[in-house]
Structures are given as C-alpha cells and as structure tokens.
Amino acid sequence: MSNPFYKINSPFKISKILKSLNITVDNNNLDKEVLDIKDLLNANDTEITFFHSKKYSEVAKKTKASFCITTNSLKHYLPKSCVPIIVDNVLVATSKVTSQFYPDSVNDNFDDTVINIDETNFKEKVKYGKNVLIGSNVSIGSNCSIGHNSIIEKNVSIGRNCSIGSNTIIRNTVIHNDVKILDNCVIGKHGFGFFPNNNKNLRYPHIGIVLIEDYCEIGSGSTIDRGSMSNTVIGKNTFLDNQIHIAHNVKIGENSIIAGQVGIAGSSVIGNNVKIGGQAGVSGHLKIGNNVEIGGGSGVIKDIPDNTKVMGYPAKNIREFLREKK
Amino acid sequence: MSNPFYKINSPFKISKILKSLNITVDNNNLDKEVLDIKDLLNANDTEITFFHSKKYSEVAKKTKASFCITTNSLKHYLPKSCVPIIVDNVLVATSKVTSQFYPDSVNDNFDDTVINIDETNFKEKVKYGKNVLIGSNVSIGSNCSIGHNSIIEKNVSIGRNCSIGSNTIIRNTVIHNDVKILDNCVIGKHGFGFFPNNNKNLRYPHIGIVLIEDYCEIGSGSTIDRGSMSNTVIGKNTFLDNQIHIAHNVKIGENSIIAGQVGIAGSSVIGNNVKIGGQAGVSGHLKIGNNVEIGGGSGVIKDIPDNTKVMGYPAKNIREFLREKK
Amino acid sequence: MSNPFYKINSPFKISKILKSLNITVDNNNLDKEVLDIKDLLNANDTEITFFHSKKYSEVAKKTKASFCITTNSLKHYLPKSCVPIIVDNVLVATSKVTSQFYPDSVNDNFDDTVINIDETNFKEKVKYGKNVLIGSNVSIGSNCSIGHNSIIEKNVSIGRNCSIGSNTIIRNTVIHNDVKILDNCVIGKHGFGFFPNNNKNLRYPHIGIVLIEDYCEIGSGSTIDRGSMSNTVIGKNTFLDNQIHIAHNVKIGENSIIAGQVGIAGSSVIGNNVKIGGQAGVSGHLKIGNNVEIGGGSGVIKDIPDNTKVMGYPAKNIREFLREKK
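Quick caveat, the model's predicted, so the values are computed rather than measured.

A. Structural view of the sheet that holds strand 6 (residues 83–86) of chain C. Residue and element names in this part refer to chain C. Pairing is parallel in the open sheet, where four strands are placed in the order 3-4-5-6. A strand with exactly one partner marks an edge of an open sheet, and here the two such strands are strand 3 (36–37) and strand 6. The sheet contact formed by strand 5 (residues 67–70) and strand 6 spans four bridges and is parallel. Within strand 6, the position partnered with Phe-67 by the bridge is Val-83. Contacting strand 3, strand 4 (47–50) and strand 5, helix 3 (residues 90–101) runs over the sheet at an angle of about 135 degrees to strand 5.

Pasting the structure below:
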C-alpha cells in the first residue's frame, strides 16, 4: 500500500462492502465508514484489513484495524476492537474489496491519458526523442532524457539525471536520481497475480508501485512488475542486465548485480551486494541474504543465508555442487 | 493448414510442380491440376500430400490424395490411387511445393499494407492509442482497446472485449473474446523452421496461424510463433506471464498457468489445467498431460502423463527429485 | 578497437593521460602524443596499451606500444621500448583512458541525431514502414526493407537484401548481405560491463561493434550487445531464434543454429556448425568448438571441444548425462 498514485475511492460504508461480498454480519457498526484497506500491521482504526493464514496470528492479535476479512477458524486471534468479517476465501474477498477502493488497479489497459511530450511543459526541460508520450500525474526532474517511442504512462515520478531509452513503457513507478533504463523495457505493469478459476480467472488488484533507487541501471528488454499489496523495489546502485524479469513485490537490495535473462519470482527479497549469474531463477517468497553469489543458470528454491555462494538446481553450496558434479 | 488467411496460389498443374523440383515422373496424369497441399490424413483427391517417415505408414495407406511427395523406399505404402513423386528429401521438396501454393508464407517482412487506424472504419468502434497501425484483412469486435504504437498486421481477427497493449505486433492470428495481450509482444510471426544448409539455410513456409481462445492473457515481452503446417493454439482461460516464448505448432489446453520466461519448443502439446513454473522449458514434439505441474526452472525432455508433478533437469517426478537432491 | 564508427578524440599527450589518472611518472617522454589505445598485440608505437594479468605476459614481452598501463608486479615483462604507467587497478585506469579517447562510447542515451527516413535519401531506395528513424553515419544497400517504428541509430551499415522488422533498434552495427532481423530486437547497445563500486558503479567504454555476416537471421525480442574492446560477431548463415541474448564480445561462427531464449555470456567464442537447444546458457570467456551440440536447457560452464554433444547443468557429455539421469 502507501501508493502515492492510485485514486482511492473512499470512504466506504462497511455495509456496502459486506453487500459486495454477499455477507450478512450481526453487528451494529454497519454504518461505520472505512477509509482504506491495509495489511494487519499497518491498518489503523479507520481502516479494514485481512487475515488469511495462521502464520500472521501474532500480528493479527495486535492489529488496530476496525474490521478484518478473515475465516471462522482464524477470527479468535483478532482483538475485540476488530470486527471479523467471515468469508470462505479471504484472498478472493480481499481482492474484491480492494478493487472497490482502487477500481483502476485491476486492469492495465493502455493509458489513454497520454499526450505527445511536445504538448506538455516537459518539452522545455527534458531532452526527448520522436513520438514520446506522457500520461497524467507524471513528474520529471532536471537533466533527463527520454528516447524515441517511449511512453511514460500515468503515475510516474522520475528524478534528476535519468536516461530512459527508446520503445520503453513505464507506469506506476517512482524512479530516483541518476537511473538509466535501456530500450524495450516494460516497467510498472501489474504482476501475474490472479485467483485461478475455471473458464475465467479472477485478477486481483495491484496497488503497489515499482521503486527504482539512485544509480540503478535496467537492461534492454526487461520487465519489472509493480507490487500487488506492497511495492517492487530495486535498491540503490543495483544493475540489471538485458531480458530480466522481476515479478511483483520483489525487493532487491543495494549494489547488487544481476546478469542477463535472470528471473525473480513474486515477493522474494534479495539482499545487498548480491551477484546473480545469467539465466538464474529465484522462486517466489524467498529470502536471499546479503553478499550472496548465485551461479549462472541456478534455480534457487529455498532461502539463502548471508555470505553464501550457491549453484545448481536446486541451488546448493557451490563447493558441494562442484564436488558432486565432477 | 486450414488457414483462413493465406491467399492460395492455385490450381497448379502437377507438371509445373514436378518441373520446380527438377523431376521427371513416368505418368500420364501430368496435366492434372491440384488445388492445395495437405497432410496425409486431410488431403483429398484434388490435392497433393507428402510422406517422409515410416511412422506415418498407416495413414499413408489410406490417403485420398492424388499425388504424394515421398521417397523410393516409402512409396509402396501408398494406395494405387495416389501417384508417388519420388524425391531425395521429402521435407525440402514439400517446402518448395508449399511455397508455390502460398508464396506469402515464407518470409515475414514487415507488413506494408498497414495504414493508421484513423484512416479506417475501426476508429469508430475501437478505443485506441497513438500511432496504431492496421493491416489488410483485419476484423475487430466490439469493446476492444489497442495501445500506442501497436501494429495489427494483416490477417488478424480479434473478438469482443479484447485489450491489446502498446508496442505489440500481431499477424496471422485469430483472437477470440475477452483476451488480454500486454505490451511489447510479437504474435503470429513465422517460427524457427528451416532446413539447415551450409552457407544459406532454406526457410520453410509457415501457413498456420496463432489461435488464442477466450479469456486468455499474454504477458509483456512474449513471443508466440504461428504454425508451419498446423496452428499454434492457446486454449481458453490460459494465462501466460511475461517474456514467454511459444514456438510454432504448440498447442496449450484450457485453464493452464504459465509463469515468466517459460519456453515451449515446437509442436509440443500441453494439456488442460497445467501449471508451469518460471523459466521451465519443454522440448519439442512432447505431450504433457492434463493437470500436470512442472516446477520452475525444470527442463522437460519426455512426455509427462496426466496428473503428475515433475521437477528438475531432466524433469522427473517431484518426490524423486526432492529425495535425490536433499 | 578497429571500430569504424567512434569518433576518436586524439592525439593525447601522455602527460594529460597521466594527469587524469593522478599519476606522476619519472620519464622524459611525457610530451609524447599517443593516437589511440589498443590491446597488447595490436598496439603500435604511436599507441598506448594495457596489461593486467600474467596470462598475457608472452604477448606483453613483444608489444610494440610505447606506453602500457600496468602494475608494479607486471611491468618487468614489458620490453624496454614500452614505458610502464603504474596504477593500482589496470582495468579501471584503462577504462578512464579509453573514455578520454572515445567519449561517446560510455553512455548509451537515445540517439538524438535521428530524423524520419522520409527526410533522407534512403526514401528512394529502401522499402520502409511508418515512423522509421535514421541516425547519422548510416548506410543501407539495395533491396532492403525496414519495418514500422524501427530506429536505425547512428553508426550502422546495412548491406544488400536485408530485412529489418518493426520496433527494432540498431546502433553501432555492421550488417552484411541477405540478413533478416525480426521485430522488437535491440542490437548494438553497450554490454553489461562496469567496475562494481559501492554506491555508484563505474561503466567502462564499449568501443566495439556488432558484426552480423551474410544470411544470418535474428529472431524477435533478441538483444545483441556490442563489444567493449573487441567486436561481437554473428557468423555467416547463423540463425538465432526469439528472445536470445548475446553479450558483449561474443563471437559465433558460421552455420550455427541457436534456439529460443538461449543466453551467451560475455566474450565466449562459439564455433561453426554449432547447435544450441532452447534456454541453454553459456558462461563467459569460454570456447565452444566446431560441430558442438548443446542440449536445450543446458548450462555450459567450461570449454567444449570440437564434435562433442553435451547436456545438463553443468553440461557434460550427453551419454554420461543420460546414463546418470536414468
């Protein structure tokens, strides 16, 4: 959450939310309004939250949210100040509620707010190529360049001294200073997040952003998806080579180096000073420590502690890998 | 075959075909005309077929085609109604003959029939971005959107409620309803099919199409090649993540989920409800059953039966994989 | 080196170079001018070279260069005719000096020299799509076509009978005759080469080019980076499928076939008649012999001799691989 861009459609009366979920709750607070949906930790008493796994029970006990979408078997963890809203599938219900707060965050049709940069004030301060398009709610710092046919869609903030290549598309992204993004990238589109459903999958909202910190470089043909309920982050001075795919909610630390065609699956967290060789893959929801080196072509399917070199599929300590493979 | 788009250059006199192959056949039917080239099963008595491997001998025995490009050692399988045309290399000869029937199917130069959508009737019914180009023989249903700089080249049919992203190129493709294709995709170009030949490879024709069924989603930066002699098919409600490559003639079933950077090699058939993890690869000409799960990063090099979970390279049963790798 | 495109900023007085490196050298040749920077083998007595590893000591002994950037422990290998310039980090210093000779070779901002092809003389001789842009110092032979939205940036030479697709970007590249490049490619950008440095990596110059020889084909969505101090070469009649990444300084021989999503890391040399299956990766600085076959999905981490079939990760002889994996 904490997305500076999405227009929130609020407040909502809880009764309206319940109606959208086809739920009747026996409670006299139904006319109370909520202002936003946040996670258990961050929600305050004007907000609704969600709780879908026992894994989060300690956080749930202390949530400040006034309402919580949850299940019958989890509701007893919640404090008395928080009214449980019981559903069968918490994530589906959360998705529906989030869609009500953020109706623009579900589909990613092309941005029809864009106009040619020639028709904007940026024409004075930005160095730009042919056919550059700029959407609404875009800011660009001093000394930036944007290449031919690139599209800065709505909700993008670009800092100072940044270079954007040609044929690149950016949306819902905050870029700090001295960042370089090469050609044919797609940054800030929604991730591969949906509830599988026979005949018609149900997409869930992506209200996070992509955050690219100072001095980063993103190679040609890369895709970086924005977060669903948190942000996708590329830390300071981290360099990505060509054709890399960074999925939603991934966080990469500072001074890391990621070679060509690497893929990082959703919600994994990569530390600082990490080196990842070409074509390596990291599964979702993993934690890769600081100063880790992952050999090219490796497939990482479990957490890796700090200061470790791994290789292979599944990736293991490099000495073990090389000994076995001799 | 059964391509609704390619303009067929027919009928041809058999004598003309033989001449193109530098072949003399001792037969009094040389002035007979043939209307098309099809496979052994589908060809009728106005058509020519080809037979290059003993593997197809049972089908060959029953072919209805009047002529068949084949070898001296295979010709005895053909029925008397079918005149063999003996060549050294059946596939090369078939390629040459197909090129005569479908001269436009060999090279994929840019489509010079396109005009700006503003100059077409689509401007009334389609929501579109800047610089959208539309080729000849294109149809688009109601309630569709097409993003900036996208090119709908010739021979494309798009159904209702479809969303095409920006910088995407589509050719020789039938898209059903409620399909979403994201940015920077290339769909419907010819596959990686040619006869290796020192100093100058010989491309063979790709007269198939890409068929994308209802409710599919195709992620950013993906490439889907059209079929050579059959079609490439993405089944209903199948979702593809970013940077996926689907080669020619691949058929994927319904409700399947394919994560980022997966590659499926030519002519493989994937079942329904299949889940494929990120960066996995499937070799060519394989059959992956229904409800199969393929772990991220796996390399599948043999058929996988229904309801199986596999992982590793080469991919094997997941329990076996995890036991060995502990 | 031997880049026909980069405008060299020369001659330089050695004293100026030393000043840029904050070095004082006790030598009376400080006012001598050097015309270029080259490697140990190719530099002549008007040029400066560099020597950073004992591995090159035999070449160093015979260098004709007048000056050499090197370390205290390596300088004794140099002939008396060559004045050592002692630094702590030879590659960083070489990078700085090269940047002085070739100031345009470090960053790859979009090419602001381009104009619409309609405004050039190419409009008479090239078949082209909408919105095609052409940079300075571009030559194009007869019978070529360039697709929509493609950008031929500065310093590109295209031969006869070439077909460039749509949305493709080319820079610093020499393309011979009868070459076909499909859609959404990025060819000739700088490679992933820099000196890691906390908080701000230091990019080194890429003064090489991409050379694509006769009859090659490059699939959609591929990226080929230009060389840093040598060239990236795709040999005659070599075919690349879609979404392939070829890093800087890679040299691929003739008649090779490389399937989809393959990645070749920097400075590796691939022979003639090599076949590489889909998604395979080759690590950097390797030598892959002639007639080698690398199975799909393999990860090659050591040299492969001629006439060998390998598979697996790390790739090994295919018979050994299949025996172990049964």
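B. Layout of the interface of chain A and chain B. The interface of chain A with chain B comprises 34 residues on the first partner and 37 residues on the second. Classifying every residue of the side of chain A that touches chain B gives 13 nonpolar, 17 polar and four charged.

C. View of the interface of chain B and chain C. The partner chain C presents 37 residues to the 33 residues of chain B that form the contact. Split into classes, the residues belonging to the side of chain B that touches chain C amount to 13 nonpolar, 17 polar and three charged.

D. Spatial organisation of the sheet that holds strand 14 (residues 163–164) of chain B. Residues and elements named next belong to chain B. The mixed open sheet is built from 11 strands, whose spatial order is 8-11-14-17-22-25-28-31-34-36-37. Taken across any chain shown, the strands that pair with only one partner, and hence form the sheet edges, are strand 8 (127–128) and strand 37 (316–317). Sheet topology places strand 34 (residues 293–294) next to strand 36 (residues 309–311); two bridges connect them, and they run parallel. Looking at strand 36, one finds that Glu-293 is bridged to Lys-309.

E. How the structure looks around the environment of Ser-228 of chain C. All names here are of chain C. Among the secondary structure elements, Ser-228 is positioned in the loop between strand 23 (223–224) and strand 24 (232–234). Sequence spacing of Ser-228 and Gly-208 is 20 residues, and the spatial spacing of their C-alpha atoms is 5.1 Å. In this structure, Ser-228 is in contact with Gly-191, Gly-193, Tyr-204, Pro-205, His-206, Gly-208, His-248 and Asn-249, ignoring residues within four places of it in sequence.

F. Up close: the relation of the copies chain A and chain B. Its rotation angle being 120 degrees, the transformation that places chain A on chain B also includes 0.0 Å of axial translation and leaves an RMSD of 0.1 Å. Classification of the inter-copy transformation places it as that of a three-fold axis.

G. Structural view of the domain arrangement of chain A. Residues and elements named next belong to chain A. For chain A, the assigned domains are domain 1 (12–105) and domain 2 (115–325). On a C-alpha basis, the centroid separation for the pair domain 1 and domain 2 is 31 Å. Across the boundary between the two partners, domain 1 contributes eight residues, which contact seven residues of domain 2. Partitioning the side of domain 1 that touches domain 2 into residue classes produces three nonpolar, four polar and one charged.

H. Region of interest: the confidence of the model for chain A. Per-residue pLDDT for chain A has a mean of 92; in total, 97% of the residues score no lower than 70. We note a pTM of 0.92 for the whole complex and an ipTM of 0.90 for its interfaces.

What counts as what
Position numbers for residues start from 1 in each chain and track the written sequence from start to end. To read the labels, note that chains go from A and ligands from 1, taken in the order they are written. The model is predicted, so local features are restricted to residues of pLDDT at least 70 and side-chain atom pairs to those at 80 or more, both for listing and for counting; the totals for chains, interfaces and linings are taken over all residues. Strands pair, by our definition, only if DSSP identifies at least two bridges between them. Counting from the N terminus, the helices are DSSP H or I runs at least four residues long and the strands are E runs at least two residues long. For every residue pair, C-beta atoms are placed from the backbone, and the pair is scored as a contact if these atoms sit within 7 Å. Fitted lines through C-alpha atoms give the axes, limited to the stretch in contact for helices. The angle between two N-to-C directions lies from 0 to 180 degrees. Note on residue classes: Ala, Val, Leu, Ile, Met, Phe, Trp, Tyr, Cys and Pro are nonpolar, Asp, Glu, Lys and Arg are charged, and everything else, Gly too, is polar. A least-squares superposition brings the copies together, and it is based on the C-alpha atoms of residues with pLDDT no lower than 70 in both. Segment limits for the domains were obtained from an automatic or database-derived domain assignment. Here pLDDT means the predictor's own confidence in every residue, given as a number from 0 to 100.

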